[in-house]
Amino acid sequence: MAPHAWLDWLFPRFCAGCGGDVAEPDRHLCWDCRASATYIQPPYCTRCGDPVAGRVDRPFLCPLCAEREGGFDIARSVVRHEGAVAQAIRDLKYNGHLWLVPDLADLLEAGVRTHFSPDAFDLISWVPLHPARRRERGFNQAAELALALAARLHLPAAPTAARVRHTATQTRLTLVERAANVRNAFRPVRAGRWRGARVLLVDDVMTTGATAHACARTLRESGAAAVGVITVSRG
Ligand SMILES: [Zn+2]
Ligand SMILES: [Zn+2]
């Protein structure tokens, strides 16, 4: 086998979404799959970025955000959690396809430039996994994405929170149960260092935002001046 064939075997060059060819080196989502993703656009909740159908003429808060105290200032997601991007996130998380990080970091970078200004933040961080789950998976996908994003934005990256409770999987819980499930799930890491910092937290997917909100609240309590959240996709 020629050397490049070995590389193709190690780092497959077919699209994670459709199986087609990918022309660009180091990328594993083809142009069509990236272009066909549903990019999230207004109208959405001013705070958490949850989009609503139809036309809304003025800024609004969704019912969840109307009740939320502390936590993140603004959260945004780049695309809907569906199709090729959802497949890529599943392959990254559950099959360890770490070569998908650059594709997903492309989306995050575009999202930061669309929804925020990179100048708005001093530090990039991520939503932590519980140590037991991180050991089991071998990596934290949110950390991998955050490090790739920080390199692109020329910002420092560091862990700012740790997960202290091994929370049950959120998928079968109601909204209220999700919020309760993660309420005390985090503790700050080197709390004093982030006093006054404007932190951008990265995660792969946001659903109700309860996890990101609980993590952001820990950062606010340890003195962060502002906490933004960016996720690749929105469930
Ligand atoms: Zn494709
Ligand atoms: Zn909201």
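Basis of the calculations
Residues numbered from 1 in each chain as written. Chains lettered and ligands numbered in written order. Predicted model: local features only at pLDDT ≥ 70, side-chain atom pairs only at ≥ 80, totals over all residues. Heavy atoms only, no water. Donors = N, O, S within 2.8 Å, 3.2 Å for Na, K, Ca; no water. Tetrahedral: all angles 85-135°; square planar, octahedral: opposite > 155°, others 65-115°. Buried < 20%, exposed > 50% of the residue type's maximum accessible area, 1.4 Å probe, protein only. Core = buried A, V, L, I, M, F, W, Y, C linked by side-chain atoms within 4.5 Å. Helix = DSSP H or I, 4+ residues; strand = E, 2+ residues; numbered from the N terminus. Contact = heavy atoms within 4.5 Å. Polar contact = N/O pair within 3.5 Å; in protein donor to acceptor, adjacent residues only side chain to side chain.

Engineer: Is there a simple way to explain the coordination of the zinc ion (ligand 2) in this structure?
Structural biologist: Six octahedrally arranged donors around a metal ideally form angles of 90 or 180 degrees; four tetrahedrally arranged donors ideally form angles of 109.5 degrees. At 2.3 Å from the zinc ion (ligand 2) lie its protein donor atoms, namely Cys45 (SG), Cys48 (SG), Cys62 (SG) and Cys65 (SG). Geometry at the zinc ion (ligand 2) is tetrahedral, judged from its 4 donor atoms and the angles of 104 to 115° they form at the metal. The exposure class of Cys48 is buried, given its relative accessible area of 1%. Residue classification places Cys62 among the buried residues on the basis of a relative accessible area of 9%.

Engineer: Sorry if this is basic, but what is going on with the nonpolar core here?
Structural biologist: The nonpolar side chains of soluble globular proteins are, as a tendency, buried together. Among the nonpolar cores identified, the biggest contains 39 residues, and Leu104, Ile124, Leu149 and Ile230 are the most heavily contacted of them. Every element with two or more residues in this core is listed here: β1 (74-80), α4 (83-95), α5 (101-115), β2 (123-126), α7 (141-153), β5 (198-206) and β6 (226-234). Residue contributions to this core peak at 8 residues, all from α7. Not counting chain neighbours up to four residues away, the residues in contact with Leu149 comprise Ala105, Leu108, Glu109, Val112, Ile124, Leu200, Val202 and Ile230. One finds Cys62, Ala75, Val227 and Val229 within the second-largest nonpolar core, a separate group that totals 28 residues.

Engineer: How should the side chain of Ser233 be read in this particular structure?
Structural biologist: With respect to the element layout, Ser233 can be found in strand β6. The exposure class of Ser233 is buried, given its relative accessible area of 0%. Reaching out from Ser233, the side chain makes a polar contact with the side chain of His81 at a distance of 2.7 Å. The contacts of Ser233, once residues within four sequence positions are left out, are Ser77, Val79, Arg80, His81, Ile89, Asp204, Val205 and Met206.

Engineer: Before we go on, may I ask you to explain the coordination of the zinc ion (ligand 1) in this structure?
Structural biologist: Summarising the metal site, the zinc ion (ligand 1) is bound by the protein donors Cys15 (SG), Cys18 (SG), Cys30 (SG) and Cys33 (SG), whose distances to it range over 2.3 Å. Every donor counted, the 4 donor atoms about the zinc ion (ligand 1) form angles of 106 to 114° at the centre, which fits tetrahedral coordination. The motif formed by the donor residues of the zinc ion (ligand 1), counted along the single chain, is C-x2-C-x11-C-x2-C. Pair check on accessibility: Cys30 and Cys33 agree, each one buried.

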